[in-house]
Number of protein chains: 2
Amino acid sequence: MTVETAPLADRPSGAAAESPEDLVARLARDGRAAQRVLARLTGAQKADALRAAAAALRAAGPAILEANAHDIAAGEAKGLTGAMLDRLRLDPARLAGIADAVEQVAGLPDPVGGVIAESERPNGLKLSRVRIPIGLIGIIYESRPNVTADAAALCLRSGNAVLLRGGSEALHSNRAIAAAFATGLESAGIPAAAIQLVPTQDRAVVGAMLTAAGFIDMIVPRGGKSLVARVQADARVPVLAHLDGICHTYVHAAADPEMARSVTLNAKMRRTGICGSMETLLLDTQFPESASVVAGLLDAGCELRGDARARALDSRILSASEEDWDTEYLDSVLSVAVVDGLDAAMDHIAAHSSHHTDAIVTADATAAERFLNEVDSAIVMVNASSQFADGGEFGLGAEIGIATGRLHARGPVALEGLTTYKWLVRGSGQTRP
Amino acid sequence: MTVETAPLADRPSGAAAESPEDLVARLARDGRAAQRVLARLTGAQKADALRAAAAALRAAGPAILEANAHDIAAGEAKGLTGAMLDRLRLDPARLAGIADAVEQVAGLPDPVGGVIAESERPNGLKLSRVRIPIGLIGIIYESRPNVTADAAALCLRSGNAVLLRGGSEALHSNRAIAAAFATGLESAGIPAAAIQLVPTQDRAVVGAMLTAAGFIDMIVPRGGKSLVARVQADARVPVLAHLDGICHTYVHAAADPEMARSVTLNAKMRRTGICGSMETLLLDTQFPESASVVAGLLDAGCELRGDARARALDSRILSASEEDWDTEYLDSVLSVAVVDGLDAAMDHIAAHSSHHTDAIVTADATAAERFLNEVDSAIVMVNASSQFADGGEFGLGAEIGIATGRLHARGPVALEGLTTYKWLVRGSGQTRP
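Just so it is clear, the structure is predicted and the values come from calculations on it, not from any experiment. Residue positions within a chain follow its written sequence, with the count starting from 1. A letter from A marks each chain and a number from 1 marks each ligand, given out in the order of writing. Two thresholds apply to this predicted model, a pLDDT of at least 70 for residue-level local features and 80 or more for giving and counting side-chain atom pairs, whereas whole-chain, interface and lining totals are computed over all residues. With hydrogens and water excluded, all non-hydrogen atoms of the structure serve as input to the side-chain values.

## Some remarks on the overall build of chain A
The numbering of helices and of strands both runs from the N terminus, where a helix is a DSSP run of H or I of at least 4 residues and a strand a run of E of at least 2. Assigned secondary structure in chain A consists of 15 helices and 16 strands. Against the 2.2 N^0.38 benchmark of 22 Å for 433 residues, chain A shows a C-alpha radius of gyration of 24 Å, consistent with a compact globule. In terms of overall dimensions, chain A has C-alpha extents of about 70 × 70 × 35 Å along its principal axes. In chain A, which comprises 433 residues, the share counted as buried stands at 57%. Any pair of residues with heavy atoms lying within 4.5 Å of one another is described as a contacting pair. Here the analysis covers contacts within chain A between residues at least 6 apart in sequence; of these, 71% occur between residues at least 24 apart. A 1.4 Å probe and the Shrake-Rupley method give the accessible areas. Residues count as covered only by the protein chains that appear here. Here chain A has roughly 15600 Å² of accessible surface; of this, 53% comes from carbon and sulfur atoms. Here the globule rule is a power law, 2.2 Å times the number of residues to the power 0.38, and the radius of gyration is based on C-alpha atoms. Relative accessible area decides the class of each residue, using a 1.4 Å probe on protein chains only: under 20% of the type maximum gives buried, over 50% gives exposed, and in between gives partly exposed.

## With respect to the domain arrangement of chain A
All names here are of chain A. Assigned domains of chain A: these are domain 1 (8-240 + 409-424) and domain 2 (247-391). An automatic or database domain assignment provides the domain bounds reported here. Placing the centre of domain 1 and that of domain 2 at their C-alpha centroids yields a distance of 36 Å. If you look at the interface, domain 1 gives four residues, while domain 2 gives seven residues. Buried area is understood as the total, over both parts, of accessible area removed when two parts are fitted together, assessed with a 1.4 Å probe. Buried area between domain 1 and domain 2, both sides added, is near 380 Å², and the carbon and sulfur share of it is 60%. Considering only the surface of domain 1 that becomes buried against domain 2, Lys225, Arg410 and Pro412 emerge as the three largest contributors, covering 87% of it. In the sections that follow, a salt bridge refers to a side-chain nitrogen of Lys or Arg positioned within 4 Å of a carboxyl oxygen of Asp or Glu. For the interface between domain 1 and domain 2, the tally reads zero salt bridges. Polar contact is defined as a pair of N or O atoms within 3.5 Å, subject to the rule that within protein one atom must be able to donate a hydrogen and the other to accept it, and that residues adjacent in sequence are counted only when both atoms are side-chain atoms. Taken together, domain 1 and domain 2 are joined by zero residue pairs in polar contact (both at pLDDT 80 or more). Just so you know the grouping, Ala, Val, Leu, Ile, Met, Phe, Trp, Tyr, Cys and Pro go in nonpolar, Asp, Glu, Lys and Arg go in charged, and all remaining residues, Gly too, go in polar. Residue classes in the side of domain 1 that touches domain 2 are distributed as one nonpolar, one polar and two charged.

## Details of the state of the cysteines
Residue and element names in this part refer to chain A. The rule for a disulfide is simple: a pair of cysteine sulfur atoms within 2.5 Å. Taken as a whole, this structure holds zero disulfides over all chains when the rule is applied. Summary of cysteine pairing: Cys247 is not part of a disulfide, and the nearest cysteine sulfur, belonging to Cys275, is at 6.7 Å. Judged by relative accessible area, which is 0%, Cys247 ranks as buried. Residue Cys275 is classed as buried on the basis of its relative accessible area of 16%.

## Description of the interface of chain B and chain A
Between chain B and chain A, the contact holds 72 residues from the first and 73 residues from the second. There are 12 salt bridges connecting chain B and chain A. Viewed at the interface, chain A and chain B are joined by 52 residue pairs in polar contact (both at pLDDT 80 or more). Of all the secondary structure elements, the ones that give two or more residues to the side of chain B that touches chain A are β2 (126-133), α10 (225-234), α11 (257-269), α14 (342-352), α15 (365-374), β13 (379-384), β15 (411-413) and β16 (419-430) of chain B. Residue composition of the side of chain B that touches chain A, by class: 33 nonpolar, 19 polar and 20 charged. Relative to β16 of chain B, strand β13 (residues 379-384) of chain A runs parallel, the two sharing five bridges. Bridging across to β16 of chain B, Val382 of chain A finds its partner in Arg426 of chain B. We call two strands paired when DSSP finds no fewer than two bridges between them.

## Some thoughts on the confidence of the model for chain A
Summary of the metric used: pLDDT quantifies the predictor's per-residue confidence within the range 0 to 100. Here chain A shows a mean pLDDT of 93. Residues at 70 or above account for 96%. Among the scores for the predicted complex, ipTM is 0.90 and pTM is 0.90.

## Re the packing of aromatic side chains
Residue and element names in this part refer to chain B. Stacked, tilted and edge-to-face are the three classes assigned to paired rings of Phe, Tyr and Trp, where Trp is represented by its six-membered ring and a pair needs centres within 6.5 Å; plane angles under 30 degrees give stacked, over 60 edge-to-face, the rest tilted. If you walk through the whole model with that rule in mind, you get six aromatic pairs over all chains. For a ring to carry a charge above it, either NZ of a lysine or CZ of an arginine must fall within 6 Å of the ring centroid while also lying within 35 degrees of the normal to the ring plane. Geometry around Tyr421 places Arg129 over its ring, the cationic atom sitting 5.0 Å from the centre. The ring of Trp423 carries the charged tip of Arg129 above its face, separated from the ring centre by 5.2 Å.

## Re the relation of the copies chain B and chain A
Expressed as a screw operation, the relation of chain B to chain A combines 0.0 Å of axial shift with a rotation of 180 degrees, fitting to an RMSD of 0.0 Å. The superposition of one copy onto the other is thereby described by a two-fold rotation axis. For chain B, the smallest separation between a C-alpha atom and the rotation axis is recorded for His408 of chain B, amounting to 2.0 Å. Interface overlap between copies is the fraction of interface residues in one copy that are interface residues in the other; for chain B against chain A it reaches 100%, indicating a shared surface. Residues reaching a pLDDT of at least 70 in both copies supply the C-alpha atoms on which the copies are superposed by least squares.

## Observations regarding unusual backbone geometry
All names here are of chain A. With a phi close to 65 degrees, His355 is a non-glycine residue in the positive phi region. Tracing the chain through its elements places His355 in the loop between α14 (342-352) and β12 (357-361). With a phi close to 60 degrees, His408 is a non-glycine residue in the positive phi region. Summarising the element assignment, His408 is placed in the loop between β14 (401-403) and β15 (411-413).

## Structural notes on the sheet that holds strand β5 (residues 195-197) of chain A
Hydrogen bonds along the backbone pair up the strands of a sheet, which may run parallel or antiparallel. All names here are of chain A. Spatially, four strands are ordered β5-β4-β3-β6 in an open sheet, and the strand pairing comes out parallel. The open sheet has two edge strands, β5 and β6 (218-222), and neither has a second partner. Averaged over all neighbouring strand pairs, the angle between strand axes comes to 20 degrees, with direction disregarded. Relative to β6, strand β3 (residues 136-141) is paired through five bridges, and the arrangement is parallel. Between N-to-C directions, angles span 0 to 180 degrees; the directions come from axes that are lines fitted to C-alpha atoms, helices contributing only their stretch in contact.

## Observations concerning the packing of helix α3 (residues 43-59) of chain A against helix α6 (residues 92-106) of chain A
Residue and element names in this part refer to chain A. Across the interface, α3 lies against α6 with an axial gap of 8 Å and an inter-helix angle of 175 degrees. It follows from the interaxial angle that α3 and α6 lie roughly antiparallel. When α3 is examined against α6, the residues Ala47, Leu50, Arg51, Ala53, Ala54, Leu57 and Arg58 are found in contact with a partner set consisting of Ile98, Ala99, Asp100, Val102, Glu103, Val105 and Ala106. Roughly parallel covers angles under 35 degrees, roughly antiparallel covers those over 145, roughly perpendicular covers 65 to 115, and oblique covers all other angles.

## Thoughts on the pattern of salt bridges
Residue and element names in this part refer to chain B. Tallied over the full model, the rule gives 58 salt bridges over all chains. Across the salt bridge formed by Asp244 and Lys225, the nearest N and O atoms sit 3.6 Å from each other. Of this pair, Asp244 sits in the loop between α10 and β7 (247-251) while Lys225 sits in helix α10; the two residues are 19 residues apart in sequence, bridging distant segments of the chain. By relative accessible area, which is 48% here, Lys225 ends up partly exposed.

## Thoughts on the side chain of Asn174 of chain A
Tracing the backbone through its elements, the reader meets Asn174 of chain A in helix α8 (residues 171-187). Under the relative-accessibility criterion, Asn174 of chain A is labelled buried at 1%.

## Notes on the environment of Gln201 of chain B
All names here are of chain B. With respect to the helices, strands and loops of the structure, Gln201 is situated in the loop between β5 (195-197) and α9 (203-210). Sequence separation between Gln201 and Gly166 is 35 residues, and the spatial gap between their C-alpha atoms is 8.4 Å. Within polar-contact distance, the side chain of Gln201 engages the backbone oxygen of Gly166 at 3.3 Å.

## Quick word on helix α6 (residues 92-106) of chain B
All names here are of chain B. Look at α6: 21 Å from first C-alpha to last across 15 residues, which is about the 21 Å you get at 1.5 Å a residue. Turning to α6, its buried residues are Leu95, Ile98, Ala99, Val102, Val105 and Ala106. Each buried residue of α6 sits inside an arc of 120 degrees when the element is viewed along its axis, so together they form one side. In α6, the exposed positions that point more than 90 degrees away from the buried face belong to Ala93 and Gln104. Near the N-terminus of α6, the side chain that reaches the backbone nitrogen of Ala93, with its oxygen 3.0 Å away, is that of Asp91. The span expected for a helix works out to 1.5 Å for each residue beyond the first. Think of it as the arc spanned by the lines of direction from the helix axis to the C-beta atoms.

## Topic: the side chain of Asp217 of chain B
By secondary structure assignment, the location of Asp217 of chain B is in the loop between α9 and β6 (218-222). The exposure class of Asp217 of chain B is buried, given its relative accessible area of 10%. Setting aside residues no more than four positions away along its own chain, Asp217 of chain B makes contact with Arg406 and Leu407 of chain A together with Arg32, Ile134, Gly135, Leu136, Val237 and Pro238 of chain B.

## A closer look at the packing of α6 of chain A against helix α7 (residues 146-157) of chain A
Residue and element names in this part refer to chain A. Following both chains from N to C, one finds α6 and α7 inclined at 10 degrees, their axes separated by 9 Å at the closest point. Taken together, the axis directions place α6 and α7 in an arrangement best described as roughly parallel. Only Asn146, Ala149, Asp150, Ala153, Leu154 and Arg157 of α7 make contact with α6, whose side of the interface consists of Ile98, Ala101, Val102, Val105 and Ala106. In terms of residue class, the contact of α6 with α7 is made up of eight nonpolar, one polar and two charged.

In structure tokens, the structure reads:
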């Protein structure tokens, strides 16, 4: 489709004629040049630029909604599901929310320049490690147009340039949002190339981004399993990835029964489609109120799939297959097992958890501390709903995602996770013996 | 060679008959099981285990030296260079140094359990981020047998299990060192699988390690450019890599002449073969003593390759080609350019630095701070020799390497760089609204 391969208004024409590798290299060069400017700005300057971007998004409201209507019409013609169309659809309220979110990020503290550690050596060398931006961050995402503004705002606040590659269903919405955002930055004296949207939907460009080591410093995939898996399989650039959230809640023998009921009900049923929702419930064989806990979930409309001992608790519990213990339902479905104590629970979690978020409900401080120390997940909770696994709930402000890898940043990732550090060494002429 | 494919004495026999993928999977399962034990040990327990390993290395001295003599004889027969044979050769003094280094690591503070940050949310949730081991670390290295003990000690101190794959020239030495190390750990009650040496030199095993995502958590290549490049090109597992050290020293107009002479001479000539040695000297056109700085280097036996303005300083300076500005000589060779001020120097560094270590010599505090803030390298120095770029010199104790990537750990990497973190959430029954 010509409309899909047409370059953005503010891009050199002929972009579509370049090879995917040349296109990514050119966009990356422009983005890295803009990032060198960003890296030298004060926190106040970056905040002002984000407020200008928010204002530009509000001013461009009609154009953005018109572009979105174009995407919605195309999506309906393509037969997108109602859920996909809902993710895609913008209205004045959602648009206001997008601009407000950009302003909220402007209000978050600037992570850049923060001193992580300082020391002085016997020879008088003064060392410090200070936070700096990562550089150029590539975001590969699906149909939610709000990601265009959210991701750009987080990257900008942390001094990073961003190269955005959204889903084709949202192409016109993303172009309108990115163009408005860039206009706002320019009005604040920041090169528009600090935020760039890939001007073509050619899928080969995604491959070129994933292999652009040295051009792109980190890739953040935002979307479903298949997208993240493809990115992880093909990437030569470091990836900040979010995989499954197979989250467990273990109700210990010493759990308060009412707390066990309310926490497990909230962990599963508050919202079943988010990564922090409980997918497996582990009930201690010594916990006396297991029947009422499962009854609460069943009465709330949750399908339970249990092992033999769990099924003995309630005739409504179906039989679990082996795959159930490794399944992220993201739905009103829950696997339930009865376990013989803390160690058995932690063994089950070690075998089946995706190391995202796992929780224990207990009034026993010793059991709680053992669980916190020994469960090897990005987030380990005591007496709380796993649905708190969220950057906003952790007080980080907006989040770029929840990382399930082991290196760099883990769990909810916000501004600090979009920075790295360098060592500063201040001497007075020292030479090494 | 049968001797190269023979399984280690303490490995199940038949290892050589497995596919490389099955072998790595088995070693990884054993290593991960041992790591779960390590993760629960106190710092004192890990320190005791390392002291036991040091003692075992001393006790096994004769066997290790005999194995090393075998490697040296094979290396001489293979026609290894004198430099390679020297890296490979062990003697009682070097062996004592290896055991002493393990004991020194035992004396370093345990990074595991350290609290990175704590906060309390308005709803009463108490959050903390604590350091934990990364898990199973793969080390792929070349001919220095001391790496076997050094890397194992650093991984153990930080609670990680390690899978070692050394060079075939050092196979017998590595096996003897790894076996002694494991014996020491076992005597302290730690599973021997906490440190495992790949029992075959089959090159396909390296490929299997690099793609063992989910089994191996991080790969650290220790060796020359070609090894690191191959690892980076093929790895599916995160890599903590050390690439070139194209380090610059910029002598600013306001540099103290004597400091400029001593710092540049030390940065280049103290040891020319290390990654922190200066490879490019930038002289400010306003610095009045450039001629004596280059004379000092030339008189010390360094070959200088300069641009036209540098060559005008001394007739002994050869002509630099374009490649010289991007070359890591690791030898008594230096490229020299005359630049027009701080911004020109930083532009040259931005264009040609490998972002390892770059330094400025100046008495002007404003120029120094601009250089520290704006030069985007892992280590940025003022008035000090770039040869201080070293974990020991930074007070980190032994180092696993110097990372030139942008994520996770940068610059000298020691124990903290071998840890990651998890979020601990302590609640009192909170459910998410």
